[in-house]
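As a plain string of letters, each chain reads:
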Amino acid sequence: MGITPHVLNQVVTKVNIHNGSMRWPVPDDVYQLTGLTVTGVERRAKYLLLHCALGSTILHLGMSGNLRVVSANEPLKKHDHIEFIFANGKALRLNDPRRFGCCLWQAPGSVHKLLAKLGPEPLTDEFFAKQVYQQSRNKKVPVKQFIMNNAIVVGVGNIYANESLFKAGIDPRREAGKVSLKSFEALIPIIKDTLAAAITQGGTTLKDFAQSDGKPGYFAQQLLVYGRKGQPCLVCKSELQEVRLGQRSTVFCGKCQK
């Protein structure tokens, strides 16, 4: 994660809550970070956790937020609602124009209710085909929506679900309960590889971490199906189709995906 080198093992000298009216009110517990060292930086789904001896601060960017690491002396920008000042002279600032993000607290030894029902991270050994297959039995939801469900696995967004299902040759409209174990054994490694490649290349969507000028980085990857409705399939040259599943754009090849 982009912020890790800047905050890991750094002492928080001050916590400033300029506007605590986020998606949920920012609790005073967050001030407990003051004077403590950030001992770990962890991502769970779209949540970022800053760990310290007394607990963890949970950050979420909502729909419009970003995190910036800047000099602590740099003037605040509009919508800089929360900042953590470090002994190294840096500041981590959460900027969120729409205030749909959050800054919450998790006590040591507990799991916040927002994190309690999350599935495994996709690049870990806890995400494997046999378990996903068992969870899918009797599920009538389309397989694309199934693998985007955070209770099954976190972090498989719309773009990567489209791409992974195409590579695995699975029709995104197929009921999850009708996908075979063999198909899941093909799909799960593809999801892992697709996400790993995206992380290496910078992702297709906005990164969590923005540069000091506030400009987020993103990488326009060579996408096989997503955003290519009506264009020829790169494998069979058939025209790619688009449907809406769970209110999300879903592009697929009717010939290659069964």
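Residues numbered from 1 in each chain as written. Predicted model: local features only at pLDDT ≥ 70, side-chain atom pairs only at ≥ 80, totals over all residues. Heavy atoms only, no water.

The name given to the protein in an unreviewed UniProt entry is Formamidopyrimidine-DNA glycosylase, with the source organism recorded as Pseudoalteromonas translucida. Database annotation for the protein, UniProt heading Cofactor (unreviewed entry): "Zn(2+)". In UniProt, the protein has this text filed under Subunit (unreviewed entry): "Monomer." (UniProt positions renumbered as here; feature names shortened; annotations may be inferred.)

**Student:** Please provide a residue-by-residue account of the overall build of the protein, values included.
**Tutor:** Broken down by element type, the protein carries six helices and 11 strands. Principal axes of the C-alpha set define a box for the protein whose edges measure 60 × 35 × 30 Å. When burial is assessed residue by residue, the protein has 45% of its 258 residues classed as buried. In the protein, of all internal contacts separated by at least 6 residues, the share reaching a separation of at least 24 is 62%. (Helix = DSSP H or I, 4+ residues; strand = E, 2+ residues; numbered from the N terminus. Buried < 20%, exposed > 50% of the residue type's maximum accessible area, 1.4 Å probe, protein only. Contact = heavy atoms within 4.5 Å.)

**Student:** Account for the pattern of salt bridges, with residues named and values stated.
**Tutor:** Evaluated as defined, the whole model comprises five salt bridges. In this structure, Glu 121 and Arg 44 form a salt bridge, with 2.9 Å as the shortest nitrogen-oxygen distance. Of this pair, Glu 121 sits in the loop between helix H2 (113–116) and helix H3 (129–136) while Arg 44 is found in strand S2 (residues 40–44), placing the two residues 77 residues apart along the sequence. The class for Glu 121 is partly exposed, based on a relative accessible area of 22%. In this structure, the salt-bridge partner of Lys 229 is Glu 242, at a minimum N-O distance of 3.7 Å. Residue Lys 229 is found in the loop between strand S9 (209–210) and strand S10 (241–245), and its partner Glu 242 is found in strand S10; the two are separated by 13 residues along the sequence. (Salt bridge = Lys/Arg side-chain N within 4 Å of Asp/Glu carboxyl O.)

**Student:** So what about the packing of helix H5 (residues 158–168) against helix H6 (residues 181–201)? Which residues, and what values?
**Tutor:** Put simply, H5 and H6 touch, their axes get as near as 9 Å, and they point 130 degrees apart. One way to sum up the angle between H5 and H6 is to call them oblique. Relative to H6, the crossing made by H5 is right-handed. Between H5 and H6, the contacting residues are Tyr 160, Glu 163, Ser 164, Leu 165, Lys 167 and Ala 168 on the first element and Leu 187, Ile 190, Ile 191, Thr 194, Leu 195 and Ala 198 on the second. (Axes fitted to C-alpha atoms, helices over the stretch in contact; angles between N-to-C directions. Parallel < 35°, antiparallel > 145°, perpendicular 65-115°, else oblique. Left-handed = near helix turned anticlockwise from the far one by under 90°.)

**Student:** Report on the sheet that holds S2, specifying residues and quantitative values.
**Tutor:** If you trace the four strands from one edge of the open sheet to the other, you get S2-S3-S4-S8, paired in antiparallel fashion. Of all strands in the sheet, those bounded by a partner on one side alone are S2 and strand S8 (102–106). Going across the sheet, the axis of each strand differs from the next one's by a mean of 25 degrees, ignoring polarity. In terms of strand pairing, strand S4 (residues 55–60) meets S8 through five bridges, oriented antiparallel. Residue pairing across strands places Leu 59 opposite Cys 103, the latter belonging to S8. (Pairing = 2+ DSSP bridges.)

**Student:** So, the domain arrangement of the protein: which residues are in play, and what are the values?
**Tutor:** Splitting the protein by domain gives domain 1 (3–106) and domain 2 (129–253). With centres defined by C-alpha atoms, the gap from domain 1 to domain 2 works out at 30 Å. (Domains from an automatic or database assignment.)

**Student:** Would you mind going over the UniProt feature "domain: FPG-type" (unreviewed entry) in the protein in detail, with residue names and values included?
**Tutor:** When the UniProt feature table is mapped onto this chain numbering, "domain: FPG-type" (unreviewed entry) sits at residues 224–258. Across residues 224–258 one finds 0% helix and 29% strand; the C-alpha atoms that close the span lie 17 Å apart.

**Student:** I'd love a proper account of the environment of Glu 83, names of residues and values included.
**Tutor:** Relative to the helices and strands, Glu 83 is located in strand S6 (residues 80–86). Distance in space between the C-alpha atoms of Glu 83 and Val 15 is 6.0 Å, their sequence separation being 68 residues. Apart from residues no more than four positions distant in its own chain, Glu 83 is found in contact with Lys 14, Val 15, Asn 16, His 18, Leu 76, Ala 91, Leu 92 and Arg 93. A distance of 2.9 Å separates a polar atom in the side chain of Glu 83 from a polar atom in the side chain of Asn 16. Reaching out from Glu 83, the side chain makes a polar contact with the side chain of His 18 at a distance of 3.0 Å. (Polar contact = N/O pair within 3.5 Å; in protein donor to acceptor, adjacent residues only side chain to side chain.)

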